[in-house]
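Architecture at a glance
Read off the chains here:
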Amino acid sequence: MKKLIIAGILFLPLTSHAQTSLEPIVLVPGIMGSWNWEVMTQGGGAGSWDFFPIDHTWDSMFSALEDAGYERDVNLFVAFYDWRQSNINSATDFLIPTIDEALENSPTGKVDIIAHSMGGLVARRYIQSDDYRNDVDQLIMLGTPNHGSSDVYTLWEGGAVPKNWDKSSKYVIGSYLWYMNTATAQTADNYDTIHTFIPSVGELLPVYDFLLDSDESFISYGDLIEGQNSFLENLNFGGTGTELQALGGITVIAGKGEATVANIPVVDRPESETKLWTDGMPEPITPVRDNTEGDNRVLTDSAFINNVVFPISPAQNFWDKFLATLFPSVYAEYDGGNEEDFLKQIEIDSKHGDLPTTAIDEVFTALNVPIPGGDYPVPVEPDNITSFWFASPVEVKVTDPNGNVITKNSNNIPGAVYTGESDPNGVKMVIIPDGAPGVYEVELMGTADGEYHMAGATFTDTADNIVTVEKDIEEGEKVEYTIDVNHVNSLIEISDPVITEPESDSPIDMTEDLIADVKTYYQDGKIKDKKVYQALQLSLKVTLNALLADKPKIATISLYGFIGTIKISPRKIDSAAASDLIAKAKAIIAEID
């Protein structure tokens, strides 16, 4: 029957598949490629997901797609997601809703996916799951660690962030770990934070042998205790890889020519250590990038998936070969068809984070869209990221060594970003790419009474440093610090605070506020008797006139009369309102004395 169907297709006139409009594209960023600080730190639904404020990974790809006629939120969408959670949840909670939105404008009932790094695993999880609805045409993966990445071992088993990671990645993970471990003490250390709140890291572990024992022999992946990756095992070896054959095509683009971690020498952990390095402690802790067949984060071979999509390649008979030669596109739709036409695996010289730019030509070829002729530069990473973090009830003002200032309302520090103000008592961040070395001035103004944590941080190619201060602040209190930042040695020195006590209200201001409070309580029905209300207002007017005339004794006597009226009217004044008014009257008396 299949041969008859194909024969029918053979004699159909060959027509163009050109579309009258573009098939929508869904971009899926990699781990740490989506940003919603409020959700990440407070767990609520505030704000919206977006790119990390100083991340320009996708800038040139966006420009190229827009030059080719794509329009954001019309036929070009980004599936931001909470990269901390399992990729299983990310596929369901974030990718599927984005695809649904894109399908509203799809002329074919399908979308194309361009996924970077871990984003490719999110896409694969959807396509290989029972949730898949046959709505993806082309799947394009850029540097996706389809067989894992050795580079995450130290983070997963030891809670150690490799010093040779790019600065943006170190910043994002470093700031989150600081908040969880130090500012809020929700977890005891980095290891606990990673395993409790960022299970996606464990889903990036390799499913190949990569640890070397002291004899330089491989430790079998099957012998690992904590270093096994059940997510990738199921994705690659669970029998669902062939589901990818239902797509219109797959393009895997892998970077090469960059030093990448392949094998990690380990030694037994110290006897005193019972939590970290279950499968061995790396020597050194930041693994050496020992193989140039990769993009500096993912090995080329780890990105390729021909053995996953086509675990068995059946032999072709003469008729199959004949059809494949004459009509490869038709044949590709028949029983998996020509593997090379369906699954293209391409190597290009590129770093991991540069792939969304360096692979633009290959991406457009996979989309069958003409390559635009614009200039699409690779984003330049800053030499350093300087930052200040505040987990506290404060307003923040930062002045850089050149006299430039940033607050929540204004900014003239080049490239700097102020974020996190959706909750006034939440975490604020000042992020300064290529921050100037020298002395920064930090001014905090208390917006409520409470404890605050402040950190100064610097991230460079070779070293990072985070220094934290923890103190109390009162509403209206001003606290000033100087913070000396040295990027060369990754040194941060925070001065002792200079504290200016809050200015207290005068008795006149306090009395005027109390007059307003009495009126509000009456309007709200908490002062239930009009005569009582009038008596209270009269006492306060006498108090105010006495204060204005500089007659404090009369003012004090009148306030005691105010308190007495409240006490003899228990049924005519709400008890909570009564307590509040008495406390405020006593505060005025104390200020007069």
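Heads up: the structure comes first, above all this text.
What counts and what doesn't
- Residues numbered from 1 in each chain as written.
- Predicted model: local features only at pLDDT ≥ 70, side-chain atom pairs only at ≥ 80, totals over all residues.
- Heavy atoms only, no water.
- Axes fitted to C-alpha atoms, helices over the stretch in contact; angles between N-to-C directions.
- Helix = DSSP H or I, 4+ residues; strand = E, 2+ residues; numbered from the N terminus.
- Parallel < 35°, antiparallel > 145°, perpendicular 65-115°, else oblique.
- Left-handed = near helix turned anticlockwise from the far one by under 90°.
- Contact = heavy atoms within 4.5 Å.
- Core = buried A, V, L, I, M, F, W, Y, C linked by side-chain atoms within 4.5 Å.
- Buried < 20%, exposed > 50% of the residue type's maximum accessible area, 1.4 Å probe, protein only.
- Salt bridge = Lys/Arg side-chain N within 4 Å of Asp/Glu carboxyl O.

Okay, the packing of helix α3 (residues 59-67) against helix α16 (residues 360-367) next. Orientation of α3 relative to α16, taken along the N-to-C sense of each, is 40 degrees, at an axis distance of 11 Å. One element, α3, and the other, α16, form an angle in the oblique class. When you trace α3 past α16, the crossing you get is right-handed. Across the interface between the two elements, Ser 60, Met 61, Ala 64 and Leu 65 of α3 pack against Ile 360, Val 363, Phe 364 and Leu 367 of α16.

Our focus in this paragraph is the packing of helix α7 (residues 167-183) against helix α8 (residues 190-197). The contact between α7 and α8 brings their axes to 10 Å, and the two run at 100 degrees. For the element pair α7 / α8, the angle class is roughly perpendicular. Packed against α7, whose contacting residues are Ile 173, Tyr 176, Leu 177, Met 180 and Asn 181, the element α8 presents Asn 190, Thr 193, Ile 194 and Phe 197 at the interface.

On to the nonpolar core, then. Ranked by size, the top nonpolar core spans 119 residues in total, and within it Val 26, Ile 113 and Ile 250 carry the most contacts. Discounting residues that sit within four places of it in the chain, Ile 250 has contacts with Gln 138, Leu 139, Met 141, Leu 244, Ile 305, Val 309, Phe 342, Leu 343 and Lys 344. Residues Leu 559, Ile 563, Ala 577 and Ala 578 belong to the second largest nonpolar core, which totals 27 residues.

Our focus in this paragraph is the pattern of salt bridges. Evaluated as defined, the whole model comprises 16 salt bridges. For the salt bridge of Asp 464 with Lys 163, the shortest nitrogen-to-oxygen distance reads 3.9 Å. Of this pair, Asp 464 sits in strand β18 (residues 464-473) while Lys 163 sits in the loop between α6 (153-158) and α7, placing them 301 residues apart in sequence. Accessibility expressed as a relative area gives 18% for Asp 464, which makes it buried. Close ionic contact of Lys 256 with Asp 349 constitutes a salt bridge, the shortest N to O distance being 2.8 Å. One end of the pair, Lys 256, is in strand β7 (residues 249-256); the other, Asp 349, is in strand β10 (residues 343-349), and 93 residues separate them in sequence. Looking at Asp 349, the relative accessible area reads 57%, which means it is exposed. One salt-bridge network, in which partners are shared between bridges, spans Asp 151, Asp 166, Arg 289 and Arg 297.

Our focus in this paragraph is α3. In an α-helix, one turn spans 3.6 residues; hence positions three or four apart end up facing the same way. For α3, the full list of buried residues reads Ser 60, Met 61, Phe 62, Ala 64 and Leu 65. Looking at the packing, one finds that the buried side of α3 touches β1 (25-28), β2 (76-78), α15 (355-358) and α16. Phi turns positive, to about 110 degrees, at Gly 69, one or two residues after α3.

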